[in-house]
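Chain by chain, the residues:
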Amino acid sequence: MQQEVVLALLAKEPSHGYELRTRLRQALGPVGDAMNAGQIYVTLTRLEKAGLVTSEPSAGGADRPDRKVYALTPAGQQRVAGWLTEVSWPKPDLAEFHLKLVAAAAAGLADPIAIVDTQRRELLRRLRDAQRAALSEPARSVAGLLLEGIVLRLQADLRWLEACERTWTTRRDDHE
Amino acid sequence: MSEAGGIAVVGARALRKEYGRDAGLVRAVDGVDLDVAAGETLAVMGPSGCGKSTLLHLLGGLDRPTSGELWLAGQRIDQLGERALARLRREAVGFVFQAFHLMDELTAAENVELPALLAGVPPRKARRRATGLLEQVGLADRAGFLPSALSGGQRQRVAVARALANEPLVVLADEPTGNLDSEATLDVLRLFDSLHTAGQTLVIVTHDARIAATADRLISMRDGAFIDQTLLTGGSAGNLGSLAGLEG
């Protein structure tokens, strides 16, 4: 489990681990079915050691991880803010970007549309560079084929960003 | 505002185009400011119905704005008379459309030389120019073919050659790859890329990210207005390897 995803889920309000799991499952749908239920506690424990979250035993009093309420530390908040604005295609997978939008909207940390715009700008710049390189390759060159792969993947991601923009625009307008 | 510096070839200030009235009022272009510098390739991107085609028609003087200022080749054109506008359009603007708009009964060469003939260029000179342009778009051996004997990509390249017939200050292209398969799209992209290298000013409106990415500058349009502007240079910072998953 990516640490930043868990941190971002906590940005809305201090929560139990199981609440984070529920939010994650809602956001991921069937894609999240294979997720190991204990994974989130492992990540929370690591984050606590790193000083990015703190925990307090909840009303029940027991010191088991699933009874604790977790909250972001200032360092954790900083990490989330940095994560929301960074773009590093092709590395981040679909789920990570998706959860970025979900977490940003839920916590009111950033406008999902602005995150989509930033991502689109970066992807278009990469597309331009890859395409210029592809166009200057002779037709049917083997090296050109790799560039074509980059171009096609970027195009697919840009189309998905259009869908992200549509959905999050609608959701935002519905809430206003 | 102009990002590339230099003199603006095309300019708009508070440009508006409205259709209908009262409850049926549509603001197709809703307060647009724009400068396109000489030699710049600008792409305007947005979903269908965002007003980008209307904007292109206004910029090229094919349609009149409801309000605002329009500049073309250093002249204000929103108040210009019909005949003067037609002349300026013929001399300064080349259009490329999604559906090619070639004359079916004319050969490729005849289609390309037509704008020059209409502008009063002597026939032999117009033909010579058309032959050179067809060569430039890689279709010298198709000069005598009717459009019906050409593929979609070839027809669009003829249309680009025609757009260049009067050495226009600016070429305005409306969804130029919209009707083409990926192979033909690549041919047109190569062609636009070579025009860009040669210093031709280009404005392309499209919903296709691939053609938009040939531009120096990209404007995103929604509901008649510009919502975002991006300079497209330097995306991979020269490291294409990182885009294909190579480390370092």
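For the structure itself, consult the block above.
Note that the structure is predicted; figures quoted are calculated from it, not measured.

**Considerations on the overall build of chain B**
Looking only at helices and strands, one finds seven helices and 10 strands in chain B. On C-alpha atoms alone, chain B measures out to a radius of gyration of 19 Å, which is about the 18 Å that the 2.2 N^0.38 rule sets for 248 residues. Seen along its three principal axes, the alpha-carbon backbone of chain B occupies a region of about 60 × 50 × 35 Å. Classification of the 248 residues of chain B by burial places 44% in the buried group.

**Here we look at the overall build of chain A**
Along its length, chain A carries seven helices and three strands. Reading the secondary structure of chain A in the N-to-C direction produces α-β-α-α-β-β-α-α-α-α. Over its C-alpha atoms, taken along the principal directions, chain A stretches across nearly 70 × 40 × 30 Å. Looking at chain A as a whole, 28% of its 176 residues qualify as buried.

**As for the pairing of strand 6 (residues 93–96) of chain B**
All names here are of chain B. Because side chains alternate across strand 6, one face comprises the buried residues Val 93 and Phe 95, and the other comprises Gly 94 and Val 96, equally buried. Summarising the sheet, strand 6 and strand 7 (residues 170–174) pair through four bridges and their orientation is parallel. Of the residues in strand 7, the one forming a bridge with Phe 95 is Leu 172.

**Quick notes on the interface of chain A and chain B**
Counting residues at the interface gives 19 residues for chain A, matched by 19 residues for chain B. Contributing elements (two or more residues each) for the side of chain A that touches chain B: helix 6 (112–136) and helix 7 (142–175) of chain A. In terms of residue count, the dominant contributor to the side of chain A that touches chain B is helix 6 of chain A (13 residues). Grouping the constituent residues of the side of chain A that touches chain B by class yields 10 nonpolar, two polar and seven charged.

**Quick notes on the sheet that holds strand 10 (residues 225–231) of chain B**
Residues and elements named next belong to chain B. Taken in spatial order, the six strands of this open sheet run 6-7-8-3-9-10, and their pairing is mixed. Each edge of the open sheet is held by one strand with a lone partner, namely strand 6 and strand 10. With strand direction ignored, the average angle separating the axes of adjacent strands in the sheet is 20°. Sheet topology places strand 9 (residues 217–222) next to strand 10; six bridges connect them, and they run antiparallel. Its bridge partner lying in strand 10, Arg 222 is registered against Ala 225.

**Focus: helix 6 (residues 182–197) of chain B**
Over its 16 residues, helix 6 of chain B runs 22 Å from end to end, which matches the ideal 22 Å to within 8%, given 1.5 Å per residue. By the burial criterion, the buried members of helix 6 of chain B are B:Thr185, B:Leu186, B:Asp187, B:Val188, B:Leu189, B:Phe192 and B:Leu195. On its buried side, helix 6 of chain B packs onto helix 6 of chain A together with helix 5 (152–163), strand 8 (201–206) and helix 7 (209–212) of chain B. Just past helix 6 of chain B, the residue B:Gly199 takes up positive phi, approximately 95°.

**Examining the nonpolar core**
Note on soluble globular proteins: their nonpolar side chains tend to be buried together. Core analysis: the largest hydrophobic core is formed by 79 residues, its most contacted members being B:Val112, B:Leu134, B:Val170, B:Leu172, B:Val203 and B:Ala212. Setting aside chain neighbours within four positions, we find B:Leu134 in contact with B:Ala108, B:Ala109, B:Val112, B:Leu139, B:Ala140, B:Ala143 and B:Ala161. In this structure, A:Val6, A:Ile40, A:Tyr70 and A:Val80 belong to the second largest nonpolar core, which totals 26 residues.

**A word on unusual backbone geometry**
Backbone geometry follows two general trends: most residues other than glycine have a negative phi, and most peptide bonds adopt the trans configuration. Residue and element names in this part refer to chain B. One non-glycine residue, Ala 73, lies in positive phi territory at about 50°. Among the secondary structure elements, Ala 73 is positioned in the loop between strand 4 (67–72) and strand 5 (75–76). Taking the number of C-beta atoms within 10 Å as the measure of exposure, Ala 73 has 17 and is therefore partly exposed.

**Observations regarding the sheet that holds strand 2 (residues 53–57) of chain A**
Residues and elements named next belong to chain A. Taken together, the three strands give an open sheet; going across it, the order is 1-3-2, and neighbouring strands pair in antiparallel fashion. With one partner strand each, in any of the chains shown, strand 1 (15–16) and strand 2 form the two edges of the open sheet. By the bridge criterion, five bridges tie strand 2 to strand 3 (residues 68–72) in an arrangement that is antiparallel. Looking at the pairing, Glu 56 lines up with Val 69 of strand 3.

**Here we look at helix 4 (residues 74–85) of chain A**
Given a rise of 1.5 Å per residue, 12 residues ought to cover 16 Å, and the 17 Å separating the end C-alpha atoms of helix 4 of chain A matches this to within 8%. On the buried face of helix 4 of chain A, the contacting elements are helix 1 (3–10), strand 2, strand 3, helix 5 (94–107) and helix 6 of chain A.

**Notes on the pairing of strand 1 (residues 8–19) of chain B**
Residues and elements named next belong to chain B. Two strands pair when backbone bridges link them, and strand 1 and strand 2 (residues 26–37) are joined in this way by nine bridges, in the antiparallel orientation. When the sheet's bridge partners are listed, Ala 8 is paired in strand 2 with Ala 37. Where strand 1 and strand 4 come together, five bridges link them in antiparallel fashion. By the bridge assignment for strand 4, Val 10 is matched with Leu 72.

Rules and cut-offs
Residues numbered from 1 in each chain as written. Chains lettered and ligands numbered in written order. Predicted model: local features only at pLDDT ≥ 70, side-chain atom pairs only at ≥ 80, totals over all residues. Helix = DSSP H or I, 4+ residues; strand = E, 2+ residues; numbered from the N terminus. Rg over C-alpha atoms; globule rule 2.2 N^0.38 Å. Buried ≥ 20, exposed ≤ 12 C-beta atoms within 10 Å, placed from the backbone. Pairing = 2+ DSSP bridges. Contact = placed C-beta atoms within 7 Å. Nonpolar A, V, L, I, M, F, W, Y, C, P; charged D, E, K, R; others polar. Axes fitted to C-alpha atoms, helices over the stretch in contact; angles between N-to-C directions. Expected span 1.5 Å × (residues − 1). Core = buried A, V, L, I, M, F, W, Y, C linked by C-beta atoms within 7 Å.

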